[in-house]
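Secondary and tertiary structure notes
Single-letter residue listing:
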Amino acid sequence: MNLILDALKGILMGIANIIPGVSGGTMAVSLGVYDKLIGAVSNIFHDFRKSLRTLLPLLIGMGVGIIGFTYIIEYLLSNHPFPTCLAFTGLILGGLPYLWSAYTLSMRTRRRPRRSRASLVTPLTAFLFLFFAAAVIAMALASTDSQGLTAFTPDSKTLIILFFIGIIAAATMIIPGVSGSLVLMILGYYYGILNTIKSFMQALLALDMDAVLHNAAILIPFGIGVVLGVFLISKLIEYLFHNHAGPTYSAILGLIVASPAAILINTGALSQITMPGIVIGCAAFLICTVLTYKLGE
């Protein structure tokens, strides 16, 4: 049963990772699997079997979410952007109670002088919250409407660039509140990667091996960069959680609270509001909020 639940959570994380403005890391926090995910990645060489048991259902789910929902998400954002954005806002905000509990616990148990009372908010945590919330909004405002690169040629220069783009994408995907897809869009590689994944799947279904190999040659260096980026950033985040938990949770809270605004800004959903969309969107928001809250318990 736990494996099925983890696979379902992985699907939601995978879907989140392909939506500009939505953070897969945020979804992992909201679903209550972030610490487990970071720990498994960081300790994969020390306890391979245990880490694999933790990661496998999540990774399978993420693969299903990314590949299976690429077309669905593209349709929903093109035709029903406002309800879709509210649904993802619910998925994100539904995990705030879990994250707030973790933050307050870290602040109450931190080391402090005897007889001093624990304060839930300090100048440092307030600054980090506001700074990272502003960073998410600024990143969303910095994105453009241009689709950027839509196709790649698998030459050596492109493959090297895609390797480093994969590292950047992975690092941003795993940080809660930071959208890897949005970063790719700002860098001009979002639509190229998305189109390559779609072309790969179409070629695979059509058994067009030349096209499969062509697209695989592009995706493999990007994928290697993603794996390396996830491992490196996981080590950093694990260190921050162990040594600076309160400030780290504060920064993550700022990233997450600002995420819904980034989603609405980036998708242009606010310019396409209709009365049916408001009704459907509010219902989707409530359902998704409850779903994330229950999954994160």
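Overview of the structure.

Each value, and the rule that gives it
- Residues numbered from 1 in each chain as written.
- Predicted model: local features only at pLDDT ≥ 70, side-chain atom pairs only at ≥ 80, totals over all residues.
- Heavy atoms only, no water.
- Helix = DSSP H or I, 4+ residues; strand = E, 2+ residues; numbered from the N terminus.
- Buried < 20%, exposed > 50% of the residue type's maximum accessible area, 1.4 Å probe, protein only.
- Contact = heavy atoms within 4.5 Å.
- 1 Å grid on protein atoms, 1.4 Å probe; cavity = no way out; pocket = protein on both sides within 12 Å on 5 of 7 lines; lining within 4 Å.
- Points joined across faces, edges and corners; volume = space filled by probe spheres on them.
- Nonpolar A, V, L, I, M, F, W, Y, C, P; charged D, E, K, R; others polar.
- Expected span 1.5 Å × (residues − 1).
- Bend = angle between axes of the 7 residues up to and from the residue.
- Phe/Tyr/Trp six-rings, centres within 6.5 Å; stacked < 30°, edge-to-face > 60°.

**Here's the deal with the overall build of the protein chain**
A count of helical and extended segments in the protein chain gives 14 helices and zero strands. Beginning at the N terminus, the succession of helices and strands in the protein chain can be written as α-α-α-α-α-α-α-α-α-α-α-α-α-α. Looking at the 297 residues of the protein chain, the share that counts as buried comes to 47%. Across the protein chain, contacts joining residues at least 24 apart in sequence account for 80% of those joining residues at least 6 apart.

**Points about the layout of surface pockets**
Estimates place the volume of the largest pocket at around 1100 Å³. Lining the largest pocket we find 36 residues, and of these Leu59, Met62, Ile66, Val226 and Val230 sit closest to its centre. Only helix H1 (2-17), helix H2 (24-30), helix H3 (34-42), helix H4 (48-68), helix H9 (156-174), helix H10 (180-187), helix H11 (190-205) and helix H12 (209-243) provide two or more residues apiece to the lining of the largest pocket. Per-element accounting of the lining of the largest pocket gives the leading share, eight residues, to H12. Considered class by class, the residues forming the lining of the largest pocket number 30 nonpolar, six polar and no charged.

**Section: H12**
For H12, with 35 residues, the first-to-last C-alpha span of 50 Å sits near the 51 Å given by 1.5 Å per residue. Maximal helix bending in H12 amounts to about 25°, located at Ala217; proline Pro221 follows within four positions.

**Some details on the packing of aromatic side chains**
For any pair of aromatic rings, the description rests on two quantities: the centre-to-centre distance and the angle between the ring planes. As enumerated under the stated definition, the model contains four aromatic pairs in all. When the ring of Phe163 is compared with that of Phe164, the centres are 5.2 Å apart and the planes differ by 75°; the resulting orientation is edge-to-face. A network of ring pairs unites the aromatic residues Phe127, Phe131 and Phe132 as a single cluster.

**What about empty space enclosed by the protein?**
Applying the stated criterion to the full structure yields one cavity of 30 Å³ or more. Size it by volume and the largest cavity reaches roughly 40 Å³. Considering the residues around the largest cavity, the lining is formed by Val29, Tyr34, Asp35, Tyr98, Leu99, Phe241 and Tyr249. Residue assignment for the lining of the largest cavity shows that the elements contributing at least two residues are H3 and helix H7 (96-108). For the lining of the largest cavity, a count of residues per class yields six nonpolar, no polar and one charged.

**Things to note about the environment of Leu120**
Note on placement: Leu120 falls in the loop between H7 and helix H8 (123-142). Take Leu120: its relative accessible area is 26%, and that puts it in the partly exposed class. Distance from Leu120 to Tyr103, taken between C-alpha atoms, is 8.3 Å for residues 17 residues apart in sequence. Sequence-distant contacts of Leu120, that is, excluding residues within four places in its chain, are made with Trp100, Tyr103, Thr104, Met107, Arg108 and Thr125.

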